[in-house]
Amino acid sequence: RYLRQAMQLARERAAAVDVRADVMAASAEAVQQRFAGTAWLSCQSWYRDATGRIVTNWPGYMREYAHATSRLDPSDFSLIERAPVAADQGS
């Protein structure tokens, strides 16, 4: 649903959309903070990269993820403008 909303935003307003770097960094930090005090930090698993950072996309319940991604906020994205269409030189 979230991706469909992003695609619709791009279709209506731009050639493409890109998540703003500050939004992505804040989201990644918030996810990492949710691991504090959990079993995620007390064991080794394939969810950890070579530095020990947990790389799962969501530390909570699926219903929380569904809620968090249910509505896209257009202000979280940079719009990549369409290239101008050249006039037909053959007419």
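What this report covers is the structure whose coordinates are included nearby. Counting starts from 1 at the beginning of each chain's written sequence and moves along it residue by residue. The predicted nature of this model means local features are confined to residues of pLDDT at least 70 and side-chain atom pairs, given and counted, to a pLDDT of 80 or more, with totals for whole chains, interfaces and linings taken over all residues. As a convention, hydrogens and water are excluded, and side-chain values are obtained from all of the structure's heavy atoms.

Turning to the overall build of the protein chain, a few remarks are in order. Helix and strand content of the protein chain: 3 helices and 2 strands. In DSSP terms, a helix is any run of H or I states spanning at least four residues, a strand is any run of E spanning at least two, and both are numbered starting from the N terminus. The order of helices and strands in the protein chain, counted from the N terminus, is α-β-α-α-β. Here the globule rule is a power law, 2.2 Å times the number of residues to the power 0.38, and the radius of gyration is based on C-alpha atoms. Taking 12 Å as the expected radius of gyration for a compact globule of 91 residues, we find that the protein chain reaches 19 Å, considerably beyond that expectation. The principal-axis extents of the C-alpha atoms in the protein chain amount to approximately 70 × 30 × 20 Å. Expressed as a percentage of the 91 residues in the protein chain, the buried residues total 14%. Contacts in the protein chain between residues at least 24 apart in sequence constitute 65% of all its contacts with a sequence separation of at least 6. Accessible area for the protein chain stands at about 7200 Å²; split by element, carbon and sulfur atoms hold 56% of it. The sign given to each residue is positive for Lys and Arg and negative for Asp and Glu; His and the chain ends receive no count. Where a charge lies is defined by one atom per residue type, namely NZ (Lys), CZ (Arg), CG (Asp) and CD (Glu). Separation between the mean location of the 11 positive side-chain charges and that of the 10 negative ones in the protein chain comes to 8 Å. Only protein chains enter the accessibility calculation, which uses a 1.4 Å probe. A residue is then buried if its area is under 20% of the maximum for its type, exposed if over 50%, and partly exposed in between. Contact criterion: two residues are considered in contact whenever any of their non-hydrogen atoms come within 4.5 Å of each other. Per-residue accessibility takes into account occlusion by the displayed protein chains alone, with areas from the Shrake-Rupley method and a 1.4 Å probe.

Bringing the packing of aromatic side chains into the picture now. The rule is short: rings of Phe, Tyr and Trp, with Trp giving its six-membered ring, pair when the centres are within 6.5 Å, and they are stacked under 30 degrees, edge-to-face over 60, tilted in between. Applying the stated criterion across every chain, the model contains 5 aromatic pairs. Consider the rings of Tyr-2 and Phe-77, whose centres lie 6.4 Å apart with planes at 40°: the pair is tilted. Here Phe-77 lies in strand S2 (residues 77–80) and Tyr-2 lies in helix H1 (residues 2–13), a separation of 75 residues in the sequence. Residue Tyr-2 is classed as partly exposed on the basis of its relative accessible area, which comes to 25%. Taking the ring centre of Tyr-61 as reference, the NZ or CZ of Arg-63 above it sits at 4.6 Å. Charge-over-ring placement is defined geometrically: NZ (Lys) or CZ (Arg) within 6 Å of the ring centre, and within 35 degrees of the ring normal.

Grid points spaced at 1 Å over the protein atoms alone were grouped into cavities, where a 1.4 Å probe fits but cannot get out, and pockets, open sets with protein on both sides within 12 Å along at least five of seven lines, with lining residues defined by an atom within 4 Å of a point. Grid points are joined across faces, edges and corners, and a volume is the space filled by probe spheres set on the points. The space that makes up the largest pocket amounts to roughly 680 Å³. Lining the largest pocket are 24 residues; nearest its centre among them are Tyr-2, Ser-27, Trp-58, Tyr-65 and Thr-69. At the level of secondary structure, the elements contributing two or more residues to the lining of the largest pocket comprise H1, helix H2 (21–33) and helix H3 (62–68). If one sorts the elements of the lining of the largest pocket by residue count, H2 sits on top with 7 residues. Any residue that is not Ala, Val, Leu, Ile, Met, Phe, Trp, Tyr, Cys, Pro, Asp, Glu, Lys or Arg is counted as polar, Gly included; the first ten are nonpolar and the last four charged. Grouping the amino acids of the lining of the largest pocket by side-chain chemistry returns 14 nonpolar, 5 polar and 5 charged.

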